[in-house]
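Residue-level structure breakdown
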Amino acid sequence: MLERIGVLLKEYDAVLLTSPYNMRYFSGFSGGEGCVVICRGGNYLFTDSRYTEIAEKEAKNFKVTECSPSKLYALISEIVKKNDIRTMAFEDNFMSYAEYSEMSNGLCGVSLCGASNKINALRIIKSEDELKKLRRAEEIGVLAFENILKYIKEGVTERDIAAELEYSMRKNGADGISFETISISGKNTSFPHGKPTGKKLENGDFITMDFGCIYDGYCSDMTRTVVLGKASERQKKIYGVVLDAQLRGLEAIRAGVVCSDADLAARNVIKEAGFGEFFGHSLGHGVGLQIHEMPNLSPKCGIRLEENMIVTCEPGIYIPDFGGVRIEDMVCVKKDGVENFSARCTKELIEI
Ligand SMILES: [Mn+2]
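Now for a description of the structure that goes with this document. Numbers given to residues run from 1 along each chain, matching the order in which its sequence is written. A pLDDT threshold of at least 70 governs which residues receive local features in this predicted model, and a stricter bar of 80 or more applies before side-chain atom pairs are shown or counted, although totals over entire chains, interfaces and linings include all residues. Values shown for side chains rest on all heavy atoms present in the structure; no hydrogens or waters enter the calculation.

1. Section: the overall build of the protein
Keep this limit in mind: Secondary structure elements are taken from DSSP: a helix is a run of H or I of four residues or more, a strand is a run of E of two residues or more, and numbering for both begins at the N terminus. Summary of the burial criterion: residues with accessible area below 20% of their type's maximum are buried, those above 50% are exposed, and those between are partly exposed, where the area comes from a 1.4 Å probe applied to protein chains only. The criterion used for residue contact is that any of the two residues' heavy atoms lie within 4.5 Å. Throughout, the Shrake-Rupley method with a 1.4 Å probe supplies accessible areas, and for residues the shown protein chains are the sole cover considered. Here Asp and Glu are counted as negative and Lys and Arg as positive; His is not counted, and neither are the chain ends. A charge is said to be at NZ when it belongs to Lys, at CZ for Arg, at CG for Asp and at CD for Glu.
Counting secondary structure elements, the protein contains 10 helices and 19 strands. When the backbone C-alpha atoms are referred to their principal axes, the protein occupies close to 70 × 40 × 35 Å. Burial statistics for the protein: of 352 residues in total, 55% are counted as buried. Of all intrachain contacts in the protein linking residues separated by at least 6 positions in sequence, the fraction that spans at least 24 positions is 66%. Accessible surface, the protein as shown: approximately 15,600 Å² in total, 50% of it carbon and sulfur. Between the centroid of the 44 positive side chains of the protein and the centroid of its 51 negative side chains there is a distance of 1 Å.

2. Overview of the coordination of the manganese ion
In plain terms, the rule: For Na, K and Ca the donor cutoff is 3.2 Å, while for all other metals N, O and S atoms must lie within 2.8 Å; water is not among the atoms, so some sites may look incomplete.
Looking at the manganese ion, the protein donor atoms are Asp221 (OD), His285 (NE2), Glu314 (OE) and Glu328 (OE), and they sit 2.0 to 2.4 Å from it. In the primary sequence, the donor residues of the manganese ion line up as D-x63-H-x28-E-x13-E. With His285 in strand β13 (residues 284–286) and Glu314 in the loop between β15 (310–313) and β16 (316–319), this residue pair connects regions lying 29 residues apart in the sequence. Judged by relative accessible area, which is 6%, His285 ranks as buried.

3. Quick look at the pattern of salt bridges
Applicable threshold: Salt bridges are counted wherever a side-chain nitrogen of Lys or Arg sits within 4 Å of a carboxyl oxygen of Asp or Glu.
Tallying each qualifying case throughout the model produces 24 salt bridges. Residues Asp321 and Lys187 are paired through a salt bridge, measuring 3.5 Å at the closest nitrogen-oxygen approach. Here Asp321, found in the loop between β16 and β17 (323–326), pairs with Lys187, found in the loop between β8 (182–185) and β9 (206–211); they are 134 residues apart in sequence, far enough to count as distant. Given the relative accessible area of 59%, Asp321 is considered exposed. Of the charged contacts, one joins Asp210 and Arg326 as a salt bridge, the two residues approaching to 2.9 Å between their closest N and O atoms. Highlighted residues: Asp210 in strand β9 and Arg326 in strand β17, separated in sequence by 116 residues. No difference in accessibility class separates Asp210 from Arg326, as the two residues are buried. Look at the salt bridges and you will find they share partners, linking Arg24, Asp129, Lys133 and Asp216 into a network.

4. Some words on the sheet that holds strand β3 (residues 42–47)
Going by this rule: In short, DSSP must find at least two bridges between two strands for them to pair. Only the stretch in contact is used when a helix axis is fitted, and all axes are lines through C-alpha atoms; the angle between N-to-C directions ranges over 0 to 180 degrees.
Strand order in the open sheet formed by 6 strands is β4-β3-β2-β1-β5-β6, and the pairing between neighbours is mixed. Taken across any chain shown, the strands that pair with only one partner, and hence form the sheet edges, are β4 (63–66) and β6 (111–114). With direction set aside, neighbouring strand axes in the sheet form an average angle of 20°. The pairing of β3 with β4 spans 4 bridges and is classified as parallel.

5. Topic: the nonpolar core
The condition is simple: To form a nonpolar core, buried Ala, Val, Leu, Ile, Met, Phe, Trp, Tyr and Cys residues must be joined to one another through side-chain atoms within 4.5 Å. An automatic or database domain assignment supplies the start and end points of every domain.
Ranked by internal contacts, the top residues of the largest apolar core, which has 36 residues, are Ile5, Val15, Leu17, Phe26, Ile38, Leu45 and Ile310. Contributing elements (two or more residues each) for this core: α1 (6–9), β1 (14–17), α2 (20–27), β2 (35–39), α7 (128–149), β11 (218–219) and β18 (329–334). Of the domains in this structure, domain 1 (2–121) and domain 2 (128–340) are the two that each give at least three residues to this core. In this structure Leu17 touches Asn22, Met23, Phe26, Cys35, Val36, Ile38, Glu91 and Ile119, once residues within four positions along its chain are discounted. Ile238, Ala262, Leu305 and Ile317 belong to the second largest nonpolar core, which has 34 residues in total.

6. Observations regarding the packing of aromatic side chains
So the rule is basically this: Ring geometry is summarised as follows: Phe, Tyr and Trp rings, the Trp one being its six-membered ring, pair when their centres sit within 6.5 Å, and such pairs are stacked at plane angles under 30 degrees, edge-to-face over 60 and tilted between the two.
Enumeration over the complete set of coordinates arrives at 4 aromatic pairs. On the numbers, 6.1 Å between centres and 90° between planes, the contact of Tyr21 with Phe94 is edge-to-face. Here Tyr21, found in helix α2, pairs with Phe94, found in the loop between β5 (87–90) and α5 (97–106); they are 73 residues apart in sequence, far enough to count as distant. Phe94 gets classed as partly exposed once you look at its relative accessible area, which sits at 36%.

7. Examining the pairing of β18
The buried fraction of β18 is high, at 5 of 6 residues. Strand direction decides the pairing type here: β15 and β18, joined by 4 bridges, are antiparallel. Within the sheet, the bridge partner assigned to Ile310 lies in β18 and is Cys332. Count of turn residues in the β18/strand β19 (residues 337–340) antiparallel hairpin: 2 residues.

8. A few points about the packing of helix α9 (residues 233–252) against helix α10 (residues 259–272)
The condition that has to hold: In this scheme, roughly parallel covers angles under 35 degrees and roughly antiparallel covers those over 145, while 65 to 115 is roughly perpendicular and the rest are oblique. Two helices that cross are described as forming a left-handed crossing if the nearer one is turned anticlockwise from the farther one by less than a right angle, and a right-handed crossing if clockwise. Polar here means any residue outside two lists: the nonpolar Ala, Val, Leu, Ile, Met, Phe, Trp, Tyr, Cys and Pro, and the charged Asp, Glu, Lys and Arg; Gly therefore counts as polar.
Between α9 and α10, the least distance of the axes is 8 Å, while the angle of their chain directions is 160°. By the angle between their directions, the pair α9 and α10 is classed as roughly antiparallel. α9 and α10 meet at a crossing whose hand is right-handed. Judged by residue contacts, Val241, Asp244, Ala245, Arg248, Gly249 and Ala252 of α9 engage Ala262, Ala265, Ala266, Val269 and Ile270 from α10. Taken together, the residues that form the contact of α9 with α10 break down as 8 nonpolar, 1 polar and 2 charged.

9. Brief notes about the side chain of Glu328
Residue position: Glu328 is located in the loop between β17 and β18. Summary of buried charges: Glu328 has no salt-bridge partner, and the nearest side chain of opposite charge, Arg326, is 5.0 Å away. Setting aside residues up to four positions removed in sequence, Glu328 forms contacts with Asp210, Asp221, Met222, Thr223, Arg224, Gln246, His285, Thr312, Cys313 and Glu314.

Structure (structure tokens):
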């Protein structure tokens, strides 16, 4: 993906990458520690001795230098001098104030330009190779969901569900989880991002599971809500509205559509059913090397969807002191609609 940085080298003399995601994307190095400098004169990767060997194997087009963090800016300064670098783009969204101070002291004389948004935007459209990994990551999630259905019963705790989901993703080839697993039940389901507790599942509970894994660096994300026992009329009603909104959102997602319009399409279904005040978050978000990346399917995002962007579609209704429902698929934007990576996984209300 190194060639995609070319457009930034027309604007800046060099690009400095510090996040594990951008280092991996542009250099291939998966170790996550160190930094990358790309300029017209060459491609450089700095890391410490824990990662030198892997960096040399993975970052084929880079000159790898082993160095301790304290020497880093002295070495980059040499590159600056040699290549007459005056402007350098850096990841302003991925740096503490202390790190920024160290960098600006170490590179005095260079004009440092915050460019996270421009750099991250280069990752927004996925290559065929990335799509393969994202598809597989989501499949592993679907397998974990199918497995968990056999495991859900009265007396099992929310934490047990999280542990079992994560174990089963690992067993199916995941490198890890892509975010903290959400498995919540009963009244706890009104917290959109609740943490699993020691609460035992009870008959009549909604159970919301929002989880994902990392496969070869790429994230997956899905949510399903089920009922333990028979669903009440109110549960069926809420579930039905969220499902309608989710399907409406999926229909709206295609190349050429503005993100905020996709959000609105789903949001209107929930509003018209009278639950508008209980859907506070965005319809979805991009997914790739990071669990949340561009574009955002939010009321404020003016980005136009393009083919091979990846987004989630995840409306929800959360009623305090009662419970909530969220349904989420991860999809690839296509010319006339979507390729739904979660398609195999049913969305009809499951009563266990
Ligand atoms: Mn999500």
